[in-house]
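Examination of the molecular architecture
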Amino acid sequence: MNNFDSLVVVGAQWGDEGKGKVIDYLAAKADVVARFQGGDNAGHTVVYGANIFKLHHIPSGILYPGCLSLLGNGMVVNPLVLLNELIELEKRSISTENLKISDKAHLIMTYHQVYDRVNEELLGDHKIGTTGRGIGPAYADKALRRGLRAIDLTDINVFRERLAQILPLQNRLLKSAYQHKGYGLDQLVEMYRPALEKLGPMVVDTSRLLADSFSEGKKVLFEGAQGALLDIDHGTYPFVTSSSTVAAAAGSGSGLGPQYTCQVLGVMKAYTTRVGEGPFPSEDNGEAGELLRVQGAEFGTTTGRPRRCGWFDAVIARYAARINGLTGLAITKLDVLSGLETLNVAVTYECDNNSTREFPANLIELEKCKPIYEVFPGWHEDLSRISTMQDLPEAARHYLEALEEAIGVPIELISVGPDRTQTIVRPGSFLAGWYGD
Ligand code: IMP
């Protein structure tokens, strides 16, 4: 393989960076798009002309006929939700025959959502603010070695047998600790029967498919979900998701070695947002934050929750660049900043009278950190129709150069609106290699 046969695209903030749009744009040149972690907690909005697609499990590649879409072994898949996603796409005449599910992906079962909801209730003020999709409990069952896997969807008798082994334990937990009446075996088998019928034939060894694709010289795009600060190891634990969201997980979550994942594009918004609880040093609860929320339509795709908004945080961005090994940046939603007189960028934090460039692991320390801002002039021009770097207002170019310098990674792509056409690729970018230019 050469350097441009594979590209990993990851979120480099707290999720919702606009990965869906960037991945959809790059997927035009991909033969395969593979997800490697997370589940239907992800919500990608892809806008194509008058069409708006909201995808949860399914990679954006599905919108390109001929592109293979894979759900990797590192994912947790909710069969009932995935079935609905497929039906919705098919209703709009999008073919789903190129979707394949790893036989080793774990299943999110209906009881995982019960655990998720009650866990959050019991945590009260200390809740994580999860999407309520059952992600954490499904990964916990995987680690506890009592999960069901996609391979179990291929034969209803095997599915019944596996459930029969697991259900007594789940029911005991549900009844004793979660005040739930539990589930009958027949009830669950019937609940999942339509999903088995539709999804069973899509279950394959996706690691083998990927290895074969590379041997045939095909181009593979690895689609990350959530973002660096939500990573189970490197994020703002416990206010994180339950999977590895960083680029290294693209290999383990899809059954490949690290040599297949050379170029890593980190997607960052031109400002910062977060949904759910947890620290957010550059959050702005004033007018600027409100303007970003309204102009940027900052409401969650999966839950509809208003997102918390704030300034670009270069401390986080540098940390995300390191833990992902980012080789390039995609800056999204630059157009949303139009109209702000000045723009703040957090370049360091002040913690206990000390200035630091590093992102602390200790949340108590982080809560005390104050961002130290550098202030840049804003611009008023509408950027949404600009298609080249040189046509951007000088202040916008200056802002981007400052981000690049603070992070130490080149900006390869800029998004100035939700549509595929509202995308600027930097001249000489390594993405030109992806495009075969
Ligand atoms: P969970 O993944 O549903 O367990 O939620 C854990 C944390 O990750 C919560 O703060 C969620 O808001 C956040 N989260 C999960 N998925 C996404 C996403 O796709 N975008 C942004 N935040 C997410």
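A few words now on the sheet that holds strand S5 (residues 68-71). Strand order in the open sheet formed by 10 strands is S9-S7-S5-S2-S10-S1-S11-S15-S19-S20, with mixed pairing between adjacent strands. Two strands bound the open sheet, and with one partner strand each, they are strand S9 (203-204) and strand S20 (423-425). As paired elements, strand S19 (residues 411-415) and S20 share 3 bridges and run antiparallel to each other. Bridge pairing in S20 places leucine 413 opposite valine 425.

One broad trend across soluble globular proteins is that nonpolar side chains are buried collectively. Membership of the largest hydrophobic core comes to 75 residues, with the highest contact counts inside it found for Phe222, Leu334, Leu337, Leu392 and Tyr399. One finds Leu99, Val114, Leu174 and Met202 within the second-largest nonpolar core, a separate group that totals 41 residues.

What follows covers the site of the ligand. Taken together, the neighbourhood of the ligand is formed by 16 residues, with Asp16, Asn41, Thr131, Thr241 and Arg305 sitting nearest. Between the ligand and glycine 129 there is a distance of 3.3 Å, counted from an oxygen atom to a backbone nitrogen or oxygen. Between the ligand and valine 275, the relevant distance is 3.4 Å, taken from an oxygen atom to a main-chain nitrogen or oxygen of the residue. In the complex, 96% of the free accessible area of the ligand, which totals 470 Å², lies under the protein chains. Among the residues forming the shell around the ligand, the class breakdown is 6 nonpolar, 8 polar and 2 charged. In terms of domain composition, the shell around the ligand takes at least three residues from each of domain 1 (6-95 + 205-434) and domain 2 (106-202).

Our focus in this paragraph is the pattern of salt bridges. The final tally for this structure, using the stated rule, is 21 salt bridges. In this structure, aspartate 103 engages lysine 104 in a salt bridge whose closest nitrogen and oxygen atoms are separated by 3.3 Å. Residue classification places aspartate 103 among the buried residues on the basis of a relative accessible area of 14%. The class for lysine 104 is partly exposed, based on a relative accessible area of 40%. Put simply, Asp16, Lys269, Glu298, Arg307 and Lys333 are held in one network by salt bridges that share partners.

Before going further, it helps to examine the domain arrangement of the chain. Segmentation of the chain into domains returns domain 1 (6-95 + 205-434) and domain 2 (106-202). Spacing between the C-alpha centres of domain 1 and domain 2 amounts to 29 Å. Facing 30 residues of domain 1, the contacting portion of domain 2 comprises 24 residues. Contact between domain 1 and domain 2 buries roughly 2200 Å² in total, counting both sides, with carbon and sulfur atoms accounting for 63%. The largest share of the area that domain 1 buries against domain 2 comes from Val76, Pro79 and Leu80, three residues that together contribute 25% of it. Counting across the interface, domain 1 meets domain 2 through 2 salt bridges. The shortest N-O distance in the salt bridge between lysine 198 and glutamate 90 comes to 2.9 Å. Between the two partners, domain 1 and domain 2, sit 9 residue pairs in polar contact (both at pLDDT 80 or more).

Contact pair helix H3 (residues 110-123) / helix H4 (residues 135-143): the axes reach a minimum separation of 7 Å and the direction vectors enclose 115 degrees. By crossing handedness, the relation of H3 to H4 is classed as right-handed. Two secondary-structure elements touch here, H3 through Tyr111, His112, Tyr115, Asp116 and Asn119 and H4 through Ile135, Pro137, Ala138 and Asp141. Residues of the contact of H3 with H4, tallied by class, amount to 5 nonpolar, 2 polar and 2 charged.

Attention now moves to a negative patch on the surface. Residues Glu374, Glu394, Glu401 and Glu405 make up a contiguous surface patch of negative charge. With respect to the helices and strands, the residue glutamate 394 is situated in helix H12 (residues 394-407).

Most of strand S1 (residues 6-11) sits out of view: 6 of its 6 residues are buried. Burial of S1 is two-sided: the residues Ser6, Val8 and Val10 facing one way and the residues Leu7, Val9 and Gly11 facing the other way are all buried. Note that S1 and strand S10 (residues 220-223) share 4 bridges and pair parallel. Residue leucine 7 lies in a different strand from S10, and its bridge partner there is leucine 221. Where S1 lies against strand S11 (residues 263-269), 5 bridges are found, and the strand directions are parallel. Looking at the pairing, valine 8 lines up with valine 264 of S11.

On to the packing of H3 against helix H5 (residues 156-177), then. Two elements in contact, H3 and H5, have axes separated by 11 Å at closest approach and are oriented at 25 degrees. Classified by the interaxial angle, the pair formed by H3 and H5 is roughly parallel. In this structure, H3 meets H5 at a crossing whose hand is left-handed. For the pair H3 and H5, the contacting residues are Tyr111, Val114 and Tyr115 in the first and Leu163, Ile166, Gln170, Leu173 and Leu174 in the second.

Right, let's get into unusual backbone geometry. The linkage connecting tyrosine 237 with the following residue, proline 238, adopts the cis geometry, with an omega of 5 degrees. One can find proline 238 in the loop between S10 and helix H8 (249-252). Here glutamine 226, not a glycine, exhibits a phi torsion of approximately 55 degrees, which is positive. Tracing the sequence through the fold places glutamine 226 in the loop between S10 and H8.

Its location among the elements puts isoleucine 166 in helix H5. A relative accessible area of 6% means that isoleucine 166 is categorised as buried. Along the backbone, isoleucine 166 and threonine 348 are 182 residues apart, and their C-alpha atoms lie at a distance of 49 Å. The residues contacting isoleucine 166, other than those within four sequence positions of it, are Tyr111, Arg146, Gly147 and Leu148.

The next subject is the side chain of aspartate 284. Mapping aspartate 284 onto the fold places it in the loop between strand S12 (272-274) and helix H9 (287-295). One buried charged residue, aspartate 284, remains without a salt bridge, the closest side chain of opposite sign being arginine 293 at 7.7 Å. Discounting chain neighbours no more than four positions away, the residues touching aspartate 284 are Gly289, Cys309, Gly310 and Trp311.

Parameters and conventions
Residues numbered from 1 in each chain as written. Predicted model: local features only at pLDDT ≥ 70, side-chain atom pairs only at ≥ 80, totals over all residues. Heavy atoms only, no water. Pairing = 2+ DSSP bridges. Helix = DSSP H or I, 4+ residues; strand = E, 2+ residues; numbered from the N terminus. Core = buried A, V, L, I, M, F, W, Y, C linked by side-chain atoms within 4.5 Å. Buried < 20%, exposed > 50% of the residue type's maximum accessible area, 1.4 Å probe, protein only. Near = heavy atom within 4 Å. Polar contact = N/O pair within 3.5 Å; in protein donor to acceptor, adjacent residues only side chain to side chain. Areas by Shrake-Rupley, 256 points an atom, 1.4 Å probe, with all protein chains shown as cover. Nonpolar A, V, L, I, M, F, W, Y, C, P; charged D, E, K, R; others polar. Domains from an automatic or database assignment. Salt bridge = Lys/Arg side-chain N within 4 Å of Asp/Glu carboxyl O. Contact = heavy atoms within 4.5 Å. Buried area = accessible area lost by both parts, 1.4 Å probe. Axes fitted to C-alpha atoms, helices over the stretch in contact; angles between N-to-C directions. Left-handed = near helix turned anticlockwise from the far one by under 90°. Patch = residues over 30% accessible without salt bridge, like charges linked within 9 Å, V, L, I, M, F, W, Y side chains within 5 Å. Lys, Arg positive; Asp, Glu negative; His and termini not counted. Charge placed at Lys NZ, Arg CZ, Asp CG, Glu CD. Parallel < 35°, antiparallel > 145°, perpendicular 65-115°, else oblique.

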